[in-house]
Amino acid sequence: MLNREVTEEDTDSGSAGSAAGEALLLVEEMLMQERSFQTTVVRFCGLVGYDRSPANYLGRMAEISDPGQPMNLIHRDDCINIITEIIRLGQWGEVFNACSPGHPSRIDYYSKAAEIGGIELPPVNEGGEPSPFKIISSSKLEGALNYRFIHPDPLQSL
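Residues numbered from 1 in each chain as written. Predicted model: local features only at pLDDT ≥ 70, side-chain atom pairs only at ≥ 80, totals over all residues. Heavy atoms only, no water.

Engineer: Help me understand the pairing of strand β2 (residues 41-44) in this model?
Structural biologist: Within a regular strand, the side chains alternate between the two sheet faces. Burial along β2 is one-sided: V41 and R43 are buried, while V42 and F44, pointing the other way, are not. Two strands pair when backbone bridges link them, and β2 and strand β6 (residues 95-98) are joined in this way by 4 bridges, in the parallel orientation. Bridging from a neighbouring strand, F44 pairs with A98 of β6. (Buried < 20%, exposed > 50% of the residue type's maximum accessible area, 1.4 Å probe, protein only. Helix = DSSP H or I, 4+ residues; strand = E, 2+ residues; numbered from the N terminus. Pairing = 2+ DSSP bridges.)

Engineer: Where do I start with the state of the cysteines in this structure?
Structural biologist: Between two cysteines, a covalent bond joining their sulfur atoms is known as a disulfide. With the rule as written, the count across this model stands at 0 disulfides. Free of any disulfide, C79 has its nearest neighbouring cysteine sulfur in C45, separated by 9.0 Å. (Disulfide = S-S within 2.5 Å.)

Engineer: How should helix α1 (residues 19-33) be read in this particular structure?
Structural biologist: An α-helix turns once per 3.6 residues; consequently, residues spaced three or four apart project the same way. The end-to-end C-alpha distance of α1 is 21 Å, a good match for the 21 Å that 15 residues give at a rise of 1.5 Å each. Within the span of α1, buried status applies to G21, L25 and E28. Down the axis of α1, the sector holding all buried residues measures 60°, keeping them to one side. Across α1 from its buried face, at more than 90 degrees, point the exposed residues A19, A20, L26, M30 and Q33. (Expected span 1.5 Å × (residues − 1). Arc of directions from axis to C-beta.)

Engineer: What's the story with the nonpolar core in this structure? I'm lost.
Structural biologist: Side chains of a nonpolar character, in soluble globular proteins, are inclined to be buried together. By size, the foremost hydrophobic cluster in this structure holds 11 residues: V48, L58, M61, I64, M71, L73, Y109, Y110, A113, A114 and L155. The element contributing the most residues to this core is helix α4 (residues 106-117), with 4 residues. What L155 contacts, discounting residues up to four positions off in sequence, is P104, D108, Y109 and K112. The next biggest cluster of nonpolar side chains, apart from the first, holds 10 residues, and it includes C79, A98, L145 and Y147. (Core = buried A, V, L, I, M, F, W, Y, C linked by side-chain atoms within 4.5 Å. Contact = heavy atoms within 4.5 Å.)

Engineer: Is there a simple way to explain the packing of aromatic side chains in this structure?
Structural biologist: Within this structure, the stated rule accounts for 2 aromatic pairs. Judged by centre distance (5.7 Å) and plane angle (70°), the rings of Y109 and Y110 are edge-to-face. Residue class for Y109 comes out buried when judged on its relative accessible area of 3%. Its relative accessible area of 12% is what places Y110 among the buried residues. Judged by centre distance (5.2 Å) and plane angle (85°), the ring pair of Y147 and F149 falls under edge-to-face. With respect to class, Y147 is no different from F149; both count as buried. (Phe/Tyr/Trp six-rings, centres within 6.5 Å; stacked < 30°, edge-to-face > 60°.)

Now the structure itself:
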């Protein structure tokens, strides 16, 4: 169980969290070892912006579990600008986390999305043992690319 901020280096300690996560790490390693092309791995968090509105998903959610858990999100505008900067600066052979610096709670994010969308918020499940979480840090990316997020706070991007 992590329940803390994680960086690119945390994957060495088996924190991928699932079989799919382990498979992604293996693919990243294969790409980084390939010498016939230059590459950089960018680990994008949950994509938001434009047609990626949480209001589209709220109607299908049975409940909001772990309402206090932080969310890891990134706006599409930032994804495009980050890729552009990697290419422009020639930042090859790197692994970067790409996640907005703001990490709203699930309840804050979905409540605001429901309010803006004019839809009803699903029931909130506050019972049970909280699920483990990660707060994804993009500090390596911000430093290497001198990058400032266009949309640093996902709540302001709704």
